[in-house]
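Analysis of the macromolecular model
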Amino acid sequence: MQTIKNRSTFVKIRNNGNFIKGKFIDVQFLEDSSLNGNISVGFTATKKIGNAVKRNKAKRLMRELARKVLIKYGKINSYYVLIAKNSILSTPFVTLEIELKKLISC
């Protein structure tokens with residue numbers, strides 16, 4: 001699993017990929033055969049979530065979700081961008097895992 005770091009990659013996924021809305025997390029998804037059998041993941045937490053402490057906590061939660069869920073259930077040769085919503089901070093981790101499994105299985 002790789003982390004997306006370039007803004008150009010985020011823009012490419014936004015323009016060409018699929019957008020899936022969830023209750024706690026939104027997911028942008030794009031299949032790309034140039035990844036050589038890897039899964040690339042990016043994380044976004046906007047200022048609407050709150051101050052830096054809350055945004056960092058949301059990103060930590062999403063990174064752990066990616067480690068647990070995307071490695072097992074994610075499609076190989078794909079980009080995923082996880083976008084946090086306000087409700088991610090007050091939701092149990094198990095519920096977040098279940099939602100992410102449902103979102104990526106669509």
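Here the structure is shown first, and the text comes after it.
Note that the coordinates shown come from a computational prediction; the quantities given were computed from them, not determined experimentally.

**Some thoughts on the pattern of salt bridges**
Within this structure, the stated rule accounts for 4 salt bridges. The partner of Asp26 in a salt bridge is Lys85, and the shortest N-O contact between them spans 3.3 Å. Separated by 59 residues along the polypeptide, Asp26 in strand 3 (residues 25-31) and Lys85 in the loop between strand 5 (78-84) and helix 3 (93-105) bring together distant segments of the chain. Residue classification places Asp26 among the buried positions, given a relative accessible area of 8%.

**Examining the pairing of strand 4 (residues 39-44)**
The two faces of a sheet get side chains in turn, since along a regular strand they alternate between them. Within strand 4, 5 of the 6 residues are buried, which leaves it mostly tucked inside the rest of the structure. Pairing of strand 1 (residues 2-3) with strand 4, which is carried by 2 bridges, proceeds in the parallel orientation. Bridge pairing in strand 4 links Gln2 to Ser40. Of the strand pairs in this sheet, strand 4 and strand 5 are connected by 6 bridges, and their pairing is parallel. Counterpart to Thr44 in the pairing with strand 5 is Ile83. In this fold, strand 4 hands off to helix 2 (residues 52-73), which returns the chain to strand 5; that crossover is left-handed.

Parameters and conventions
Residues numbered from 1 in each chain as written. Predicted model: local features only at pLDDT ≥ 70, side-chain atom pairs only at ≥ 80, totals over all residues. Heavy atoms only, no water. Salt bridge = Lys/Arg side-chain N within 4 Å of Asp/Glu carboxyl O. Helix = DSSP H or I, 4+ residues; strand = E, 2+ residues; numbered from the N terminus. Buried < 20%, exposed > 50% of the residue type's maximum accessible area, 1.4 Å probe, protein only. Pairing = 2+ DSSP bridges. Right-handed = clockwise from strand over helix to strand, strands pointing away.

So far we have only geometry, and geometry alone does not tell us how the molecule works.
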